[in-house]
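Understanding the architecture of this molecule
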Amino acid sequence: MAEDCLFCKIIAGDIPSRKVYSDESVYAFHDINPAAPTHILVIPKKHLKAVNAAGSEDEALLGKLLLAANKIAEQEGLADEGFRYVINTGDQGGQTVYHLHLHILGGRQCTWPPG
Ligand code: AMP
Ligand code: ZN
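Residues numbered from 1 in each chain as written. Chains lettered and ligands numbered in written order. Predicted model: local features only at pLDDT ≥ 70, side-chain atom pairs only at ≥ 80, totals over all residues. Heavy atoms only, no water.

So, on to the pattern of salt bridges. Applying the stated criterion across every chain, the model contains two salt bridges. For Lys9, the salt bridge goes to Asp4, with nearest N and O atoms at 3.8 Å. For Lys9, a relative accessible area of 27% corresponds to the partly exposed category. Given a relative accessible area of 69%, Asp4 falls into the exposed group. (Salt bridge = Lys/Arg side-chain N within 4 Å of Asp/Glu carboxyl O. Buried < 20%, exposed > 50% of the residue type's maximum accessible area, 1.4 Å probe, protein only.)

Here it is as structure tokens:
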């Protein structure tokens, strides 16, 4: 748990969230400002400030994050039509919350290139 981290506070239950999934290492909840009909954030319970802050000791954790996202996408009924995963990283990557999170976006046609 990192001091003054919004997503650590959500994991701890100090800030409310609409939980979608939880296991020993991953937590997922609905984005408060959805950019698609389905917009879920999947986060590691361990505080990592961004995806590139992960080290070799986090190899399994990164795998668990993706596999949990796959399970959630399936449960949310997105697997057939498709969906998008996004990990914004750093200022130019559009990251605003500095606790690693994977966005699941689904329920509409995504466009390419992204903005
Ligand atoms: P990013 O810009 O990739 O760092 O994404 C941060 C995401 O967190 C944004 O999509 C926000 O809408 C979302 N967000 C911020 N505060 C909350 C909150 N309290 N509960 C749920 N989602 C949040
Ligand atoms: Zn955190």
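A word on the site of ligand 1. Of all residues adjacent to ligand 1, which total 16 residues, the nearest are Asp31, Asn88, Thr96, His101 and His103. The side chain of Asp31 places a nitrogen or oxygen atom 2.5 Å from an oxygen atom of ligand 1. Within the complex, 83% of the 510 Å² of free accessible area of ligand 1 lies under protein. Secondary-structure elements contributing two or more residues to the shell around ligand 1 are helix 1 (6-12) and strand 2 (26-30). (Near = heavy atom within 4 Å. Polar contact = N/O pair within 3.5 Å; in protein donor to acceptor, adjacent residues only side chain to side chain. Areas by Shrake-Rupley, 256 points an atom, 1.4 Å probe, with all protein chains shown as cover. Helix = DSSP H or I, 4+ residues; strand = E, 2+ residues; numbered from the N terminus.)

Moving on, we come to the packing of aromatic side chains. Under the definition given, this model contains three aromatic pairs. Taking 5.3 Å as the distance between ring centres and 80° as the angle between the ring planes, the aromatic pair formed by Phe7 and Phe29 counts as edge-to-face. With a gap of 22 residues between them, Phe7 in helix 1 and Phe29 in strand 2 connect regions that are remote in the sequence. Seen in terms of ring centroids, Phe83 and Tyr85 are 5.0 Å apart; in terms of plane orientation they differ by 45°. Their pairing is tilted. Clustering of aromatic rings is evident, with ring pairs tying together Phe7, Tyr27 and Phe29. (Phe/Tyr/Trp six-rings, centres within 6.5 Å; stacked < 30°, edge-to-face > 60°.)

The buried fraction of strand 3 (residues 38-44) amounts to seven of the seven residues, a majority that puts the element mostly inside the structure. Residues of strand 3 alternate between two faces, with Thr38, Ile40, Val42 and Pro44 on one and His39, Leu41 and Ile43 on the opposite face, all of them buried. Of the strand pairs in this sheet, strand 2 and strand 3 are connected by five bridges, and their pairing is antiparallel. Residue pairing in the sheet places His30 in a bridge with Ile40 of strand 3. Bridge count for strand 3 against strand 5 (residues 102-106) is five bridges, and the pairing is antiparallel. (Pairing = 2+ DSSP bridges.)

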